[in-house]
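A structural walkthrough
Chain residues, written in single-letter form:
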Amino acid sequence: MAGGSKLASMTDVRGTLLQQIKDKAVVHGKVTLSSGLEADYYVDLRRVTLDGEAAPLVGQVLLDLTDGLEYDAVGGLTMGADPVAASMLHAAAARGRRLDAFVVRKAAKAHGLQRRVEGPDIKGRRVLVVEDTSTTGGSPLTAVEAVREAGAEVVAVATIVDRATGAAEKIQDGAGVPYLFAYSKDELGLD
């Protein structure tokens, strides 16, 4: 495939996912976000990340977004990050790349292996922390802390939608890692 064709294909996938998000995930009306903030709309990305048509696009778009980074495992705080990581794992496999996924529990299990980070061992590995949408950056920061405690090196935090309410600064300043996002609230037509 020629370079121009690949770029056009990436743009098509990105545009298609953007339309899927607009059509399926944006809900208008008063809501209280997990951060405690109130908003006039809600971006329910589970309607996309768990959708059979849209989820494969999520993996492709986030792999393209993070193309310049070196990592071999992806995950984040359960629940928002789980389907994102799974989509990336499958998209990577389709491209001939091995990428493991992991899940960060909100608290360590009190039984079994008592792990906070589930999945293949990430100790000594370079990982990408993901989230479906970020408002204040609290969930990705919690995941970054847990992943570092598990002995992994976090290369960046990536999210599908950034609500532009402080997540970028909080993650870059608080965790000292780059913050990447596929879509801004402006691209979704939200204010």
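Scroll up to find the structure.
Cut-offs used in this document
- Residues numbered from 1 in each chain as written.
- Predicted model: local features only at pLDDT ≥ 70, side-chain atom pairs only at ≥ 80, totals over all residues.
- Heavy atoms only, no water.
- Salt bridge = Lys/Arg side-chain N within 4 Å of Asp/Glu carboxyl O.
- Buried < 20%, exposed > 50% of the residue type's maximum accessible area, 1.4 Å probe, protein only.
- Helix = DSSP H or I, 4+ residues; strand = E, 2+ residues; numbered from the N terminus.
- Expected span 1.5 Å × (residues − 1).
- Contact = heavy atoms within 4.5 Å.

Things to note about the pattern of salt bridges
If you walk through the whole model with that rule in mind, you get 12 salt bridges. Ionic pairing is found between Asp-100 and Arg-98, a salt bridge with its closest N-O pair at 2.9 Å. Accessibility expressed as a relative area gives 10% for Asp-100, which makes it buried. Note that Asp-100 is salt-bridged to Arg-125, the shortest N-O span being 2.7 Å. Taken together, the residues span a long stretch of sequence, with Asp-100 in strand S4 (residues 100-104) and Arg-125 in the loop between strand S5 (117-118) and strand S6 (126-134) at a distance of 25 residues. Each of the salt bridges in this network shares a partner with another, and the network as a whole consists of Asp-72, Arg-98, Asp-100 and Arg-125.

Considerations on helix H5 (residues 138-149)
An ideal rise of 1.5 Å per residue puts 16 Å on 12 residues; H5 measures up with 17 Å between its terminal C-alpha atoms. Burial in H5 covers these residues: Pro-140, Ala-143, Val-144, Ala-146 and Val-147. The elements touched by buried residues of H5 are strand S3 (73-77), S4, S5, S6, strand S7 (153-162) and helix H6 (167-175).

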